[in-house]
Amino acid sequence: MVGWRHGATGFVLLAVLAGAQSAQAAPVLVIDGAGDGHGVGMSQTGADGLALHGNSARQILTHYYTGTTVGRLASTHTLTVLLQSGLRSVVFSGATRADTRLLRQQATYIATTTANGEIALESEHGRLLSYLPAPLAITSATPITFDGAASSGVIDGRFRGSLRLILHGRHLDVVNRVGLESYLRGVVAAESPSTWPLAELEAQAIAARSYAVASAPQQGFDLYGDTRSQEYGGVGAEAPSSDAAVAATIGEVVTYAGKPVVTYYFASSGGATESVQNVFAGASPEPYLRGVLDPYDATRFGPITMTLHEAQARLKGLVRGTLESIVVTQRGVSPRVVSANVVGSQGTTTVSGAALADALGLQSAWDCFTVSSSSARLAAGWDRACARPAGLRPGSTGSTGSTGSTGSTGSTAPTGSTGGGTVGPSGSSGATEPTGPSGGGASGAKGSTAASAGGTVGPSG
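Summarised in this report is the structure supplied together with it. (Residues numbered from 1 in each chain as written. Predicted model: local features only at pLDDT ≥ 70, side-chain atom pairs only at ≥ 80, totals over all residues. Heavy atoms only, no water.)

1. Things to note about the pairing of strand β1 (residues 28–34)
Then comes step 1: Burial analysis of β1 places 7 of its 7 residues in the buried class, which makes it a mostly covered element.
Then comes step 2: Of the two faces of β1, the one holding V28, V30, D32 and A34 and the one holding L29, I31 and G33 are both buried throughout.
Then comes step 3: Note that β1 and strand β24 (residues 366–372) share 7 bridges and pair antiparallel. Directly across from V28, in β24, lies its bridge partner S372.
Then comes step 4: As judged from the 6 bridges shared by β1 and strand β20 (residues 300–307), these two strands associate in the antiparallel manner. Each bridged residue has a counterpart across the sheet, and for A34 the counterpart in β20 is R300. (Buried < 20%, exposed > 50% of the residue type's maximum accessible area, 1.4 Å probe, protein only. Helix = DSSP H or I, 4+ residues; strand = E, 2+ residues; numbered from the N terminus. Pairing = 2+ DSSP bridges.)

2. Description of the sheet that holds β20
Then comes step 1: Pairing in this open sheet of 3 strands is antiparallel, and the strands run β20-β1-β24 from one edge to the other. For this open sheet the edge positions go to β20 and β24, each flanked by a neighbour on one side alone. When the angles between neighbouring strand axes are averaged without regard to direction, this sheet yields 15°. (Axes fitted to C-alpha atoms, helices over the stretch in contact; angles between N-to-C directions.)

3. Observations concerning the packing of helix α3 (residues 180–191) against helix α5 (residues 240–248)
Then comes step 1: Here α3 crosses α5 at 135°, and the two axes come no closer than 9 Å. The orientation of α3 with respect to α5, classified from their angle, is oblique. Once α3 is placed against α5, the crossing between them reads as right-handed. Contact with α3, carried on its side by E181, L184, R185, V188 and A189, involves S242, D243 and V246 of α5 and no other residues of that element. (Parallel < 35°, antiparallel > 145°, perpendicular 65-115°, else oblique. Left-handed = near helix turned anticlockwise from the far one by under 90°. Contact = heavy atoms within 4.5 Å.)

4. As for helix α1 (residues 44–52)
Since the α-helix advances by 3.6 residues per turn, residues separated by three or four positions end up pointing in the same direction.
Then comes step 1: Burial of α1 is extensive: 8 of the 9 residues sit out of reach of the surface.
Then comes step 2: Listed as buried for α1 are Q44, T45, G46, A47, D48, G49, L50 and A51.
Then comes step 3: Its side-chain oxygen at 2.9 Å from the backbone nitrogen of G46, S43 defines the N-terminal cap of α1.
Then comes step 4: Immediately downstream of α1, the backbone of G54 shows phi near 95°, a positive value. (Polar contact = N/O pair within 3.5 Å; in protein donor to acceptor, adjacent residues only side chain to side chain.)

Spatial relationships are all this shows, so hold off on functional conclusions.
Structural data, given as structure tokens:
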């Protein structure tokens, strides 16, 4: 998903200070951080590391989704995936029918809106062929090419199943109607590098399948074709290794209390994941979406340095007066920022950690802040909360002290107490950073093997 973004791990932003050669440099905001993505559920980089250290797909999943098992769907599923919206015309090829009208599979066609609520079908040269009712089903026994850009960024993508053109006023939405397993072939390789271990790819396939069937449908379709749901690349994203992972896990989903659950995942944890209620506004605690230690994910970013003027420009309406500092007031168990105060000369604005990271262009809400006249003279321990954790924080409250001094991470829980078995020593990560999304050796993190759920799981409502 399933996250803010995929594939920007290793991101470092450095703003060159005006007048840096002067003896009295202007105050700057310095930021350190960890991880990449929202931090809830499975870390793809961490899953890669767990796989490299001998863990199976089920061990990986039970490590990140506490108290879950792997079950099997009782029936097949068909999904509707939004590829693009708000178009005046849609160009496609490879189809054999548009509604009841036969098409030449080798030809390219254009569908445009009309004032009377129908869809005009034209040849690629603009010759009117017919008027057809909306919504318009475009079908073929082989993949259909949707010319132009999908919302995922895929250009001229080929998609299995059929396309459905839905009319909204004078604009068209393009929806792909596709079987669940065919959909996953276009998701797994788009979300995890196909060169990663099979166990990680299988874990990704099961997590993506679970997310697809357990997520609440959108208005007029089931899922977005991008990171608002899951990155979906269609046929062009498919690879033999990820196809094998989908086939090996056909129908398998992550379940809690016998039902498929929404399995959030993201690119990189930095060493610990976060409990869902500390990340998504209004989310209730979920027993299977608790923060856990992540022994093979050590992703860090920073120090990032920017002038207070530049930071204020990024924060826009969050600053009252002139920006003076950013003070973290609450941290989660990982410890990502839950809330912070943006301190201005004319008052303070409280903001969530996710909103703050998004405004500043940071890859994660696991951040530390300080203000200094020189990045070379920083107070000792200002970024202590951004160090790799030895254990999880017992609660979700942090220091309310001065900017950058967020205090210690508090008393620590026993290392490896994840609910999915014990984890081994945290040493250096053996995982490569994901190039796609996101957002995987003899001993290491060993989670308890998840048993298959007895019986089958019914379709998600």
